[in-house]
Amino acid sequence: MKLKPIIALFLATAALVACNNTPSATTAGETAATEEGARLSGKIAFVNNDTLINNYKLYKELSAKLEAKSEKVGKELDSKSRSLQSRAAQFNDKINKGLVTRAQAEEQGVKLQNEQQYLLEYRDKVLGELEEEQVVMFNNIWNNITEYLAEYNKTAGYDLILNQNSATNTILIGNPSMDITMQVVDALNKKFDEDKASGKLDDILGKSQDK
């Protein structure tokens, strides 16, 4: 299950102003470029999305639970499918040996077809539920991260926090001192431990269902 980018993406661009050695009047274009460059300048940091998610305890715990549930569902579907195939094979063997009447064969054939249809519908249902749970899981993770970043930035005072990830990497070159990923990871995990201990994450972690 792949992750999707979460932190709002802001692309900062630097305006280049050409300078002549001989004095000349400032053009409207140069003035606009200068003002734009000043507007976009400020305190900037970036977060590596992949590193952030993979080290976030909330993601690790939720994804582990979802993976375990997915494996359980997969085994259940496989068991039901094998059982149906086995019974169908046994019944076909009886037909080939002439051990059932035509009426019995038709009746049992309809039953097996109905079971197969039910199994397909059940498969689609549980897989759809897993997909929905995955979406909710990501939404909860993104919500916790963005809420924390908003609170974090009240004291950090960044003008821009950029997003870096392997899928759509918008940062080609960056000063390592601007990378606040691990600071955010450490703070998020500390908050996760506190919120988990206090029960604030019971709904997200499904504690109410586990009891």
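All values reported here derive from a predicted model rather than from experimental measurement.

## Observations regarding the overall build of the protein
Part 1: From N to C terminus, the protein includes seven helices and two strands.
Part 2: Ordering the α and β elements of the protein from the N terminus gives α-β-α-α-α-β-α-α-α.
Part 3: In the protein, which comprises 211 residues, the proportion classed as buried is 27%.
Part 4: Contacts in the protein between residues far apart in sequence, at least 24 positions, make up 84% of those at least 6 positions apart.

## Some thoughts on the packing of helix α3 (residues 57-96) against helix α5 (residues 181-198)
Part 1: At a minimum axis separation of 8 Å, α3 and α5 run at an interaxial angle of 60°. As the angle between them shows, α3 and α5 are arranged oblique. Residue-level contacts link Lys57, Leu58 and Glu61 of α3 to Asn189, Phe192, Asp193 and Lys196 of α5.
Part 2: Looking at side-chain class alone, the contact of α3 with α5 contains two nonpolar, one polar and four charged residues.

## Quick notes on the packing of aromatic side chains
Part 1: By the definition in use, this model includes three aromatic pairs.
Part 2: For the pair Tyr118 and Tyr122, a centre-to-centre distance of 6.2 Å together with 15° between the ring planes defines the contact as stacked. Taken together, the positions of Tyr118 and Tyr122, both in helix α4 (residues 102-156) and four residues apart, correspond to about one turn of that helix.
Part 3: What makes Tyr122 buried here is its relative accessible area of 19%.
Part 4: Relative to Trp142, the ring of Phe138 lies with its centre 5.4 Å away and its plane at 0°, an arrangement referred to as stacked. With a gap of four residues between them, Phe138 and Trp142 both fall in helix α4, about one helical turn apart. Taken as a pair, Phe138 and Trp142 share a single burial class, namely buried.

## As for the pattern of salt bridges
Part 1: As enumerated under the stated definition, the model contains 11 salt bridges in all.
Part 2: Linking Lys57 and Asp193 is a salt bridge whose minimum nitrogen-to-oxygen distance equals 2.9 Å. On the criterion of sequence distance, the pair formed by Lys57 in helix α3 and Asp193 in helix α5 is long-range, its members being 136 residues apart.
Part 3: On the basis of relative accessibility, which here comes to 33%, the residue Lys57 falls in the partly exposed class.
Part 4: The shortest N-O distance in the salt bridge between Lys97 and Asp93 comes to 3.2 Å.
Part 5: Lys97 sits in the exposed class, given a relative accessible area of 57%.

## Brief notes about the confidence of the model for the protein
Part 1: Looking at the protein as a whole, its pLDDT mean stands at 81, while 78% of the residues score no less than 70.
Part 2: Considering each helix and strand of the protein separately, the mean pLDDT is smallest for helix α1 (residues 28-40), with a value of 46, and largest for α3, with 95.
Part 3: Scored below 50 in pLDDT, residues 1-38 shows 42 contacts in the model against residues more than four places distant or in partner chains.

## Let's talk about α3
Part 1: Between its first and last C-alpha atoms α3 spans 58 Å; for 40 residues at 1.5 Å apiece the expected length is 58 Å, and the two agree.
Part 2: Every buried residue belonging to α3 is among Leu58, Tyr59, Glu61, Leu62, Ser63, Leu66, Val73, Leu77, Leu84 and Phe91, and all of these are buried.
Part 3: Phi for Gly98, located one or two positions after α3, is positive at around 70°.

## A closer look at the pairing of strand β2 (residues 160-164)
Part 1: For β2, the buried fraction is high: five of the five residues fall into the buried class.
Part 2: In β2, alternate side chains face the same way, and those of Leu160, Leu162 and Gln164 on one face and Ile161 and Asn163 on the other are all buried.
Part 3: Here strand β1 (residues 44-48) pairs with β2 via five bridges, running parallel. The residue bridging Ala45 from the neighbouring strand is Ile161, located in β2.

Definitions and limits used
- Residues numbered from 1 in each chain as written.
- Predicted model: local features only at pLDDT ≥ 70, side-chain atom pairs only at ≥ 80, totals over all residues.
- Heavy atoms only, no water.
- Helix = DSSP H or I, 4+ residues; strand = E, 2+ residues; numbered from the N terminus.
- Buried < 20%, exposed > 50% of the residue type's maximum accessible area, 1.4 Å probe, protein only.
- Contact = heavy atoms within 4.5 Å.
- Axes fitted to C-alpha atoms, helices over the stretch in contact; angles between N-to-C directions.
- Parallel < 35°, antiparallel > 145°, perpendicular 65-115°, else oblique.
- Nonpolar A, V, L, I, M, F, W, Y, C, P; charged D, E, K, R; others polar.
- Phe/Tyr/Trp six-rings, centres within 6.5 Å; stacked < 30°, edge-to-face > 60°.
- Salt bridge = Lys/Arg side-chain N within 4 Å of Asp/Glu carboxyl O.
- pLDDT = per-residue confidence, 0-100.
- Expected span 1.5 Å × (residues − 1).
- Pairing = 2+ DSSP bridges.

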